[in-house]
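So you can see what is in the structure, the chains are spelled out below.
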Amino acid sequence: MEQRAGVSKQDIREKIWDYLESQNLADFPRPVHHRIPNFKGSYLACQNIRELDAFARTQELKVDPDKPLEGARLLALQSKKTLLVPTPRLRTGLFNKIVPPPGATKDVLRKCATSQGVRDYSEPIGLDSHVHVDLVVVGSVAVSEKGWRIGKGEGYADLEYAMMVSMGAVCEGTPVVTIVHDCQVVDFPEALLGDHDLTVDYILTPTRVIATGCKRPKPKGIMWSQISCAMMSRIPVLRSLHHREQQAGKDVALQDKPGRLPEAARRPAAPGAALPEPVGCLPQDARGGELKRGLGAQRPHGSAGRPRSAGPSSPPGAWLRPGPSPACGAWQPGSK
């Protein structure tokens, strides 16, 4: 099926979200729009991580806090691996290390794997903790079999990975895994990706384990020229990394090219510290839209909303080139 011209990342997100909801494939929390969507069968998809040699060798892994990845967090804890979970929107640091109580039962481990458990059974990990992450697990809204990934549009997974590179926690060879429903595996143009976009090496669905063999380079660190002062003011750990790289003599000029950052934004902040007022015209409670813009993501020229020929309940593959059919009678992108 031929790729429709002018398709944007947001078109793809909307189509996936609409399809998951209209076909009742979505799971709590709903609606899944503007989220990394949870889906029925997410725990089954997470179980497939045990088939990866990379997981068997892993001692320390980072798993995002999204609901569909809860099963992966539980497996990590049950396998007695060190589990790191990013702090929400990076506002109080980069990672929390999940520390179950001594002699934790299966039920307690299940709670530790939830968002509430991340809050109740964790300790912050600072930049000086010498973290070495063996495996990265991220959520996605859409992903191609080539390993190209589209998130929910706020850019946090991309920024977290870039920050881990900057602090030496990951390297080019660190495997990246995503866990999605079969209908989220679609083909889309590589032209939609930017240099900051994170790619994946493995895709886990309820029916498949896909090794992407992706050759596209992953981010090699923070692209400071695409980071705004407003982002710096709201993310203390980003300011700390900026200070470190500046001290190391690296080019850390920001997108805004200010003559001088406000004192609060220039000073590295301790985790949990009160955040200063944002720089510029962005409000304090601004969410991820400008973060994604700061990371350099751009809507393709000429795209203007969702393609008219595909309604909310038609499969994403109705206007995206489908990949090979999944096994076990699962929905096939592009099938009628």
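Shown above is the structure to which this text applies.
Everything numeric in this text was worked out from a predicted model, so none of it was measured.

Peer 1: Where do I start with the side chain of Arg-216 in this structure?
Peer 2: As for its placement among the helices and strands, Arg-216 is situated in the loop between strand 10 (209–211) and helix 8 (229–234). In this structure Arg-216 touches Trp-148, Glu-190, Leu-193, Gly-194, Asp-195 and Thr-199, once residues within four positions along its chain are discounted.

Peer 1: What's the story with helix 9 (residues 236–247) in this structure? I'm lost.
Peer 2: Counting along an α-helix, one turn takes 3.6 residues, and residues three or four places apart therefore face a common direction. Between its first and last C-alpha, helix 9 extends 17 Å over 12 residues, near the 16 Å set by a 1.5 Å rise per residue. Along helix 9, the residues that are buried comprise Pro-236, Val-237, Leu-238, Arg-239, Ser-240, Leu-241, His-242 and Glu-245. One or two residues past the end of helix 9 sits Gly-249, with phi positive at roughly 85°.

Peer 1: What is the right way to look at the pattern of salt bridges in this model?
Peer 2: Any two side chains of opposite charge can pair, given that their charged atoms come close. Inspection of the entire model under this criterion finds 11 salt bridges. Here Glu-145 makes a salt bridge to Arg-208, at a shortest N to O gap of 2.9 Å. Of this pair, Glu-145 sits in the loop between strand 6 (142–143) and strand 7 (149–150) while Arg-208 sits in the loop between strand 9 (202–204) and strand 10; the two residues are 63 residues apart in sequence, bridging distant segments of the chain. Its relative accessible area of 24% is what places Glu-145 among the partly exposed residues.

Peer 1: I would appreciate a short explanation of the sheet that holds strand 9 in the present structure.
Peer 2: Within a sheet, each strand pairs with its neighbour through backbone hydrogen bonds, oriented either parallel or antiparallel. With respect to topology, eight strands assemble into an open sheet ordered 4-3-2-1-5-8-9-10, the strand pairing being mixed. The sheet terminates laterally at strand 4 (122–125) and strand 10, the two strands that pair on one side only. Mean inter-strand twist for the sheet, computed between neighbouring axes without regard to direction, equals 25°. Note that strand 9 and strand 10 share three bridges and pair antiparallel. For Tyr-202, the partnering residue across the bridge sits in strand 10 and is Ala-211. Along the sheet, helix 4 (residues 70–78) contacts strand 1 (60–63), strand 2 (82–86), strand 3 (95–98) and strand 8 (176–179); its crossing angle with strand 2, the most-contacted strand, is approximately 150°.

Peer 1: So what exactly am I meant to see when it comes to the packing of aromatic side chains here?
Peer 2: Two numbers describe a pair of aromatic rings. These are the distance of the centres and the angle of the planes. Under the defined criterion, the tally for this structure stands at one aromatic pair. On the basis of an interplanar angle of 55° and a centroid distance of 6.5 Å, the ring pair of Trp-148 and Phe-188 is categorised as tilted. In this pair, Trp-148 sits in the loop between strand 6 and strand 7 while Phe-188 sits in the loop between strand 8 and strand 9, placing the two residues 40 residues apart along the sequence. Comparing Trp-148 with Phe-188 shows no difference in burial state: the two are buried. A cation over a ring is seen here: Lys-81 above Phe-55, with NZ or CZ 4.8 Å from the ring centre.

Peer 1: Before we go on, may I ask you to explain the environment of Glu-60 in this structure?
Peer 2: Tracing the sequence through the fold places Glu-60 in strand 1. For the pair Glu-60 and His-132, spaced 72 residues apart in the sequence, the C-alpha separation amounts to 6.9 Å. A polar contact is formed between the side chain of Glu-60 and the backbone nitrogen of His-132, at a distance of 3.1 Å.

Peer 1: Looking at this model, I keep getting lost on the layout of surface pockets. Mind explaining?
Peer 2: Empty space within the largest pocket amounts to approximately 990 Å³. Secondary-structure elements contributing two or more residues to the lining of the largest pocket are helix 4, helix 6 (115–120), strand 4 and helix 7 (156–166). Per element, the largest residue contribution to the lining of the largest pocket is four residues, and it comes from helix 7. Here the lining of the largest pocket is composed, by residue class, of 11 nonpolar, 12 polar and 15 charged.

Peer 1: Looking at this structure, how should I read the pairing of strand 3?
Peer 2: Across a regular strand the side chains alternate sides, sitting on one face of the sheet and then on the other. The sheet contact formed by strand 2 and strand 3 spans three bridges and is antiparallel. In the sheet register, Val-85 faces strand 3, and the bridge partner there is Asn-96. For strand 3 and strand 4, the ladder comprises four bridges, and the chain directions are antiparallel. Bridge assignment links Phe-95 to a residue of strand 4, and that residue is Ile-125.

Peer 1: I'm lost on the packing of helix 7 against helix 9 in this one. Help?
Peer 2: Packed helices, taken two at a time, are described by the angle their axes make and the gap between the axes. In contact at an axis separation of 11 Å, helix 7 and helix 9 are set at 35° when each is read in the N-to-C sense. Note on packing geometry: the crossing formed by helix 7 with helix 9 is left-handed. The segment helix 7 lies against helix 9, with Leu-159, Met-163 and Ser-166 engaging Val-237, Leu-238, Leu-241 and Glu-245. Class assignment of the residues belonging to the contact of helix 7 with helix 9 gives a composition of five nonpolar, one polar and one charged.

Peer 1: I keep staring at helix 4 and nothing clicks. Help me out?
Peer 2: In terms of burial, helix 4 is largely enclosed, as eight of its nine residues are buried. Along helix 4, the positions that sit buried rather than exposed are Glu-70, Gly-71, Ala-72, Arg-73, Leu-74, Leu-75, Ala-76 and Leu-77. With its phi angle positive at about 60°, Lys-80 sits one or two positions after the end of helix 4.

Peer 1: Before we go on, may I ask you to explain unusual backbone geometry in this structure?
Peer 2: Most peptide bonds take the trans form, and the phi angle of most residues other than glycine is negative. Along the chain, Phe-28 connects to Pro-29 via a cis peptide bond; the corresponding omega equals 0°. Note on placement: Pro-29 falls in the loop between helix 1 (9–22) and helix 2 (42–47). Here the bond from Arg-30 into Pro-31 is cis, since omega is -5°, no more than 30 degrees from zero. Of note, Pro-31 is situated in the loop between helix 1 and helix 2. With a phi angle near 55°, Asn-24 is a residue other than glycine that sits in the positive phi range. A positive phi angle, close to 60°, is found at Lys-80, a residue other than glycine. Within the secondary structure, Lys-80 sits in the loop between helix 4 and strand 2.

Parameters at a glance
Residues numbered from 1 in each chain as written. Predicted model: local features only at pLDDT ≥ 70, side-chain atom pairs only at ≥ 80, totals over all residues. Heavy atoms only, no water. Helix = DSSP H or I, 4+ residues; strand = E, 2+ residues; numbered from the N terminus. Contact = heavy atoms within 4.5 Å. Expected span 1.5 Å × (residues − 1). Buried < 20%, exposed > 50% of the residue type's maximum accessible area, 1.4 Å probe, protein only. Salt bridge = Lys/Arg side-chain N within 4 Å of Asp/Glu carboxyl O. Pairing = 2+ DSSP bridges. Axes fitted to C-alpha atoms, helices over the stretch in contact; angles between N-to-C directions. Phe/Tyr/Trp six-rings, centres within 6.5 Å; stacked < 30°, edge-to-face > 60°. Lys NZ or Arg CZ within 6 Å of the ring centre and 35° of its normal. Polar contact = N/O pair within 3.5 Å; in protein donor to acceptor, adjacent residues only side chain to side chain. 1 Å grid on protein atoms, 1.4 Å probe; cavity = no way out; pocket = protein on both sides within 12 Å on 5 of 7 lines; lining within 4 Å. Points joined across faces, edges and corners; volume = space filled by probe spheres on them. Nonpolar A, V, L, I, M, F, W, Y, C, P; charged D, E, K, R; others polar. Left-handed = near helix turned anticlockwise from the far one by under 90°.

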